[in-house]
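# Results of the structural survey
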Amino acid sequence: MFTGIIEETGRLKSFDGGRLEIACAKILEDIKIGDSISTSGICLTVTEFGAEYFAADVMPETVRRTSLEIGGVVNLERAMKVGDRFGGHIVSGHIDGVGKITGIRAEGNAIIFKVAAENNLLKQIAAKGSVALDGISLTVVDAGADFFSVSMIPHTRAVTNFNFKRVGSSVNIETDILAKYIERLTTFKPNAEVTRDFLIEHGY
């Protein structure tokens, strides 16, 4: 479990489709085999590490749903500890899909990023809700028929890989976990239709 507050950026040194190595520094301070590390939003399990890197195995499903580029800058966050401050929102590290930045503009001291995404992702994204982009916990500004936008303060951009993002760049998207459960609850119909009356009857 993660909070979406990035600790440092690293760089993808190598990736052969099944194993990758990430060059990094800060997160190695107390690392051990089996630790979970959010890597641009992807929850990876540490299988090996050295003085300046860690390695992890990557499943085919992860490759299909995410965007990784050798030499690219990645956002890194260690799993949260019980009792830590919860600065972002609940981030599982399970990427739902990839979006594309279609616009970047300044608004006062903030930077607005517009992101195009597929309908299966957009239906779980709501204005003023939470979304994780490359593992960063962000608040949704607007959600349209084929896009959503987020606002980012200069500090967040400066200390994450969004400092290198441009129009056309890909981003890993994880929608809010609550939205996933709500959609499942309201659309799953194994034996009976879930109606408004059904929800009221069961306390929703």
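Residues numbered from 1 in each chain as written. Predicted model: local features only at pLDDT ≥ 70, side-chain atom pairs only at ≥ 80, totals over all residues. Heavy atoms only, no water.

### Regarding the overall build of the chain
Under the convention used in this document: A run of H or I in DSSP becomes a helix once it reaches four residues, and a run of E becomes a strand once it reaches two; helices and strands are each numbered from the N terminus. Only the C-alpha atoms count toward the radius of gyration. The rule for a globule is 2.2 Å times the residue count to the power 0.38. Each residue gets one of three labels from its accessible area relative to the maximum for its type: buried under 20%, exposed over 50%, partly exposed in between, using a 1.4 Å probe on protein chains only. The contact rule is simple, with two residues in contact once any of their heavy atoms fall within 4.5 Å.
Helix and strand counts for the chain come out as five helices and twelve strands. For a compact globule of 204 residues, the expected C-alpha radius of gyration is about 17 Å, and the chain comes in at 18 Å, within 12% of that figure. Projected onto the principal axes, the alpha-carbon positions of the chain cover approximately 60 × 40 × 35 Å. Looking at the chain as a whole, 43% of its 204 residues qualify as buried. In the chain, once contacts between residues fewer than 6 apart in sequence are set aside, the share between residues at least 24 apart is 67%.

### So, the packing of aromatic side chains
Operational definition: Centres within 6.5 Å are what make two rings of Phe, Tyr or Trp a pair, Trp counting through its six-membered ring; a difference in plane orientation under 30 degrees is then read as stacked, over 60 as edge-to-face, and the rest as tilted. By the criterion adopted, a ring carries a charge over it if an Arg CZ or a Lys NZ lies within 6 Å of its centre and within 35 degrees of its normal.
Inspection of every chain in the model, using the stated rule, returns one aromatic pair. Taking 5.0 Å as the distance between ring centres and 85 degrees as the angle between the ring planes, the aromatic pair formed by Phe113 and Phe162 counts as edge-to-face. With a gap of 49 residues between them, Phe113 in strand E8 (residues 110–116) and Phe162 in the loop between helix H3 (154–158) and strand E12 (170–175) connect regions that are remote in the sequence. Each member of the pair, Phe113 together with Phe162, is buried. Across the ring face of Phe147, the terminal group of Lys114 is positioned such that the distance to the ring centre comes to 4.6 Å. Above the plane of the ring of Phe162 lies Lys165, whose end atom (NZ or CZ) is 6.0 Å from the centre.

### Brief notes about the nonpolar core
Operational definition: Only buried residues count toward a nonpolar core. Its members are Ala, Val, Leu, Ile, Met, Phe, Trp, Tyr and Cys residues joined through side-chain atoms within 4.5 Å.
Core analysis: the biggest nonpolar cluster contains 20 residues, and Val131, Leu133, Phe148, Phe162 and Ile173 have the highest contact counts within it. Of all elements in the fold, only E8, helix H2 (119–122), strand E9 (130–133), strand E10 (136–143), strand E11 (147–152) and E12 reach the threshold of two or more residues within this core. Beyond its immediate chain neighbours, meaning those up to four positions away, Val131 contacts His89, Ile125, Ile136, Ser137, Leu138, Val140, Phe148, Val150, Ile173, Glu174 and Thr175. Listed in part, the 17 residues of the second largest apolar core include Ile31, Ile37, Leu44 and Val58.

### Quick notes on the layout of surface pockets
To keep it simple, the criterion reads: In this analysis the probe radius is 1.4 Å and the grid spacing 1 Å, with only protein atoms considered; a cavity is a set of points the probe fits into but cannot get out of, a pocket is an open set with protein on both sides within 12 Å along at least five of seven lines, and lining residues have an atom within 4 Å of a point. Grid points are joined across faces, edges and corners, and a volume is the space filled by probe spheres set on the points. Three categories are distinguished: nonpolar for Ala, Val, Leu, Ile, Met, Phe, Trp, Tyr, Cys and Pro, charged for Asp, Glu, Lys and Arg, and polar for the others, with Gly belonging to the last.
Each pocket or cavity is described by its volume, and for the largest pocket that value is around 370 Å³. Lining the largest pocket are 17 residues, with Glu7, Arg78, Ala79, Met80 and Asp84 sitting closest to its centre. Elements represented by at least two residues in the lining of the largest pocket include exactly strand E3 (36–39) and strand E6 (73–78). Residue composition of the lining of the largest pocket, grouped by class: five nonpolar, three polar and nine charged. Of the volumes computed, that of the second largest pocket is approximately 320 Å³. Around the second largest pocket, the lining is made up of 17 residues, and of these Glu69, Gly72, Val73, Asn161 and Lys165 lie nearest the centre.

### Digging into the sheet that holds E6
Just so we agree on the cut-off: What makes two strands pair is DSSP finding at least two bridges between them. Axes here mean lines fitted to C-alpha atoms, for a helix over just the part in contact, with angles spanning 0 to 180 degrees between N-to-C directions.
Read once around its circumference, the closed barrel built from six strands follows the order E1-E2-E5-E4-E3-E6, with strand pairing classed as antiparallel. For this sheet, the mean angle separating the axes of adjacent strands, direction not counted, is 45 degrees. Pairing analysis gives three bridges linking strand E4 (residues 42–49) to strand E5 (residues 53–57), with the strands arranged antiparallel. Bridge pairing links Phe49 to Phe54 in E5.

### Some remarks on the sheet that holds E8
The strand order around the closed barrel formed by six strands is E7-E8-E11-E10-E9-E12, and the pairing between neighbours is antiparallel. Averaged over all neighbouring strand pairs, the angle between strand axes comes to 45 degrees, with direction disregarded. Across seven bridges, the pairing between strand E7 (residues 97–107) and E8 is antiparallel. Each bridged residue has a counterpart across the sheet, and for Ile101 the counterpart in E8 is Val115.

### Comments concerning the pattern of salt bridges
To be explicit about the condition: Here, a salt bridge means any Lys or Arg side-chain nitrogen found within 4 Å of an Asp or Glu carboxyl oxygen.
Applying the stated criterion to the full structure yields twelve salt bridges. Salt-bridge contacts for Asp30 lead to Arg78; the nearest nitrogen and oxygen are separated by 2.9 Å. Taken together, the residues Asp30 in the loop between strand E2 (19–23) and E3 and Arg78 in strand E6 connect sequence positions 48 residues apart. In this structure Asp30 comes out as partly exposed when scored by relative accessible area, which is 41%. Counted as one network, the salt bridges with shared partners bring together Lys13, Arg19, Glu21 and Glu48.

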